[in-house]
Amino acid sequence: MAYLEIAMTEKTKKRFGLLPGSISGLVTTGLLVSAGWILYSRRYIDHHAKVKGILEAEHGNFDAPTAGKLHFYVDKRGSGRPLVILHGVHAAAGAHDIAPIFNAFKSQRPVYALELPGFGGSERGDRPYRPSMYQAALTEFIRGEIGQPADVAALGLSAEFAALAAQANPEWIHALVMISPTGFEMPPIGSLAEQIRKTNFADLLYSVMAVPLWSLPLFDILASRPRLSLYYRQRFEADVPEELVSIAYASAHQAGAHFAPIVFASGRLAVRDVREKVYDVLTQPVLVLYDNEPGKSYDMLLASVQAHPNWSVRRIRQSRGMPHFDRPGETFHILDDFLKAQDKRQS
């Protein structure tokens, strides 16, 4: 009877793959694969790639008191109120994501394409990236480099940072354009304890992802050419320009390029309750351009627009997050009309 019991136990373990040898084999294989990838990442992936072909424009650096070195492109041939354009936030974000907007308006008014801390040519050190840093970077750049109030057009998550800056220092941001912004999803239903658990999970996730031994190799997976191609394909209706993927890949393979994206991937850069605490108290004219970007919800956008007469909204159809690439004519026409209306209102 004892023999049968032992035999059945072993048989059950084999059936469900629970034998110690099987587990140790899987663990060993996983460790070997991970160690191999870490070694490959450090020895064979170039993290000092040459970035070229982003924008044919003058560029410079501004030393921001809070955010450090900020890299920007500028064209001052136009006249009128300056326009500052902010790229979105993802593993390989940079000015290449907003190049069509810059090129469309550079002949009409002074235009600046600002690269956010941790991205593009801006400072990319290992430091505590937070929404407050991006808010300060924008305000300090407008005040210190431009020296006069500006209109701001922000893509994706950067709309939250721009809104923070507009709320805290309305004298420096005259009007705000949000392109495919975040923060308009249905409010989460849950207790304060659940929200605290989510925050703690984000902190734990960051602590795991930021371990120096594997943080860069992990990022190399997120910023691989196939992953970047997939990212853009999900956000384009038309074919993705191969040049865009190449520039994004090179931009993501610079010294320190992984620090800010890892903070973003852990969920630490989103502004909590941004709609209620920031968007809904803006006093500037606000234009929202939205489309069908995967993973984004605009359930509460209509409520914000209806509650605030300074808000307007336009939907760009046949676009999935990058309307300035997919539908440039329609996008720039709407944006131009909005900015000119603000110019007339001020005069």
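Residues numbered from 1 in each chain as written. Predicted model: local features only at pLDDT ≥ 70, side-chain atom pairs only at ≥ 80, totals over all residues. Heavy atoms only, no water.

**Points about the packing of aromatic side chains**
Move 1: As enumerated under the stated definition, the model contains 15 aromatic pairs in all.
Move 2: Between Phe 105 and Phe 332, the ring centres sit 6.1 Å apart and the planes meet at 85°, which makes this aromatic pair edge-to-face. Of the two residues, Phe 105 sits in helix α3 (residues 99-105) while Phe 332 sits in helix α14 (residues 328-346), which places them 227 residues apart along the sequence. No difference in accessibility class separates Phe 105 from Phe 332, as the two residues are buried.
Move 3: Between Tyr 290 and Tyr 298, the aromatic rings sit 5.0 Å apart at their centres with planes inclined by 50°, giving tilted as the arrangement.
Move 4: Residue classification places Tyr 298 among the buried residues on the basis of a relative accessible area of 14%.
Move 5: Taken together, the ring pairs in this structure connect Phe 184, Tyr 279, Tyr 290, Tyr 298 and Trp 311 into an aromatic cluster. (Phe/Tyr/Trp six-rings, centres within 6.5 Å; stacked < 30°, edge-to-face > 60°. Helix = DSSP H or I, 4+ residues; strand = E, 2+ residues; numbered from the N terminus. Buried < 20%, exposed > 50% of the residue type's maximum accessible area, 1.4 Å probe, protein only.)

**Structural notes on the environment of Gly 156**
Move 1: Note that Gly 156 resides in the loop between β5 (150-155) and α5 (158-168).
Move 2: Taking relative accessible area as the criterion, Gly 156 reaches 7% and is therefore assigned buried.
Move 3: Sequence separation between Gly 156 and Ser 180 is 24 residues, and the spatial gap between their C-alpha atoms is 5.2 Å.

**Observations regarding the sheet that holds strand β3 (residues 83-86)**
Move 1: Taken together, the 8 strands give an open sheet; going across it, the order is β1-β2-β4-β3-β5-β6-β7-β8, and neighbouring strands pair in mixed fashion. The two strands at the open ends of the sheet, each matched to only one other strand, are β1 (58-64) and β8 (311-315). Sheet twist, expressed as the mean angle between neighbouring strand axes with direction ignored, is 20°.
Move 2: Pairing of β5 with strand β6 (residues 173-179) involves 6 bridges; the strand directions are parallel. Residue pairing for β6: Asp 151 is matched across the bridge by Ala 175.
Move 3: The strands that helix α4 (residues 131-146) touches are β1, β2 (68-75), β3, β4 (111-114), β5 and β6; relative to β1, the one it contacts most, it runs at about 115°.
Move 4: Together, β3, β5, β6, β7 (286-290) and β8 form the strand contacts of α14, whose direction differs from that of β6 by roughly 165°. (Pairing = 2+ DSSP bridges. Axes fitted to C-alpha atoms, helices over the stretch in contact; angles between N-to-C directions. Contact = heavy atoms within 4.5 Å.)

**Focus on the nonpolar core**
The tendency in soluble globular proteins is for nonpolar side chains to be buried as a group.
Move 1: Counting 56 residues, the largest nonpolar core has Val 84, Leu 86, Leu 138, Ile 142, Val 152, Met 178 and Trp 311 as the members making the most contacts within it.
Move 2: Sequence-distant contacts of Val 84, defined by excluding residues within four places in its chain, comprise Tyr 112, Leu 114, Leu 138, Ile 142, Ile 146, Ala 150, Asp 151, Val 152 and Ala 153.
Move 3: Among the nonpolar cores identified, the runner-up in size contains 41 residues, and Ile 54, Ala 248, Leu 287 and Ile 316 belong to it. (Core = buried A, V, L, I, M, F, W, Y, C linked by side-chain atoms within 4.5 Å.)

**Points about helix α9 (residues 242-251)**
Move 1: Listed in full, the buried residues belonging to α9 are Leu 244, Val 245, Ile 247, Ala 248, Ala 250 and Ser 251.
Move 2: Where the residues of α9 are buried, they touch α8 (225-233) and α13 (323-326).

**Some remarks on α5**
Move 1: Burial within α5 is extensive, with 9 of its 11 residues counted as buried.
Move 2: Of the positions making up α5, those classed as buried are Ser 158, Ala 159, Glu 160, Phe 161, Ala 162, Ala 163, Leu 164, Ala 165 and Ala 166.
Move 3: Packing partners of the buried residues in α5 comprise β3, α4, β5, β6 and α11 (274-277).

**What to know about the layout of surface pockets**
Move 1: Computed from the structure, the second largest pocket encloses a volume of approximately 170 Å³.
Move 2: Every residue along the wall of the second largest pocket is listed here: Val 51, Ile 54, His 71, Tyr 73, His 96, Glu 115, Gly 120, Gly 121, Ser 122, Arg 124, Ser 251 and Gln 254. (1 Å grid on protein atoms, 1.4 Å probe; cavity = no way out; pocket = protein on both sides within 12 Å on 5 of 7 lines; lining within 4 Å. Points joined across faces, edges and corners; volume = space filled by probe spheres on them.)

**Concerning the packing of α8 against α9**
Move 1: α9 packs onto α8 with a crossing angle of 130° between their chain directions and a minimal axis gap of 10 Å. For the element pair α8 / α9, the angle class is oblique. With respect to the hand of their crossing, α8 and α9 are arranged in right-handed fashion. Seen from α8, the contacting residues are Arg 225, Leu 228, Ser 229 and Tyr 232; seen from α9, they are Glu 242, Leu 244, Val 245, Ser 246, Ala 248 and Tyr 249. (Parallel < 35°, antiparallel > 145°, perpendicular 65-115°, else oblique. Left-handed = near helix turned anticlockwise from the far one by under 90°.)

**Some remarks on a nonpolar patch on the surface**
Move 1: Together, Phe 201, Leu 204, Val 208, Leu 213 and Trp 214 give the surface a local cluster of nonpolar side chains, amounting to about 510 Å² of exposed area.
Move 2: The greatest single-element share of the nonpolar patch, amounting to 3 residues, is contributed by helix α6 (residues 192-209).
Move 3: Topologically, Leu 213 is positioned in helix α7 (residues 212-222).
Move 4: Overall, Leu 213 belongs to the partly exposed group, its relative accessible area being 49%. (Patch = residues over 30% accessible without salt bridge, like charges linked within 9 Å, V, L, I, M, F, W, Y side chains within 5 Å. Areas by Shrake-Rupley, 256 points an atom, 1.4 Å probe, with all protein chains shown as cover. Salt bridge = Lys/Arg side-chain N within 4 Å of Asp/Glu carboxyl O.)

**Description of the packing of α4 against α5**
Move 1: It is the contact of α4 with α5, at a shortest axis distance of 8 Å, that shows an interaxial angle of 65°. Remark: the crossing between α4 and α5 carries right-handed chirality. Of the residues in α5, those in contact with Pro 131, Tyr 134, Gln 135, Leu 138 and Thr 139 of α4 are Phe 161, Ala 162, Leu 164, Ala 165 and Ala 168.
Move 2: Across the contact of α4 with α5, the residue classes tally to 8 nonpolar, 2 polar and no charged. (Nonpolar A, V, L, I, M, F, W, Y, C, P; charged D, E, K, R; others polar.)

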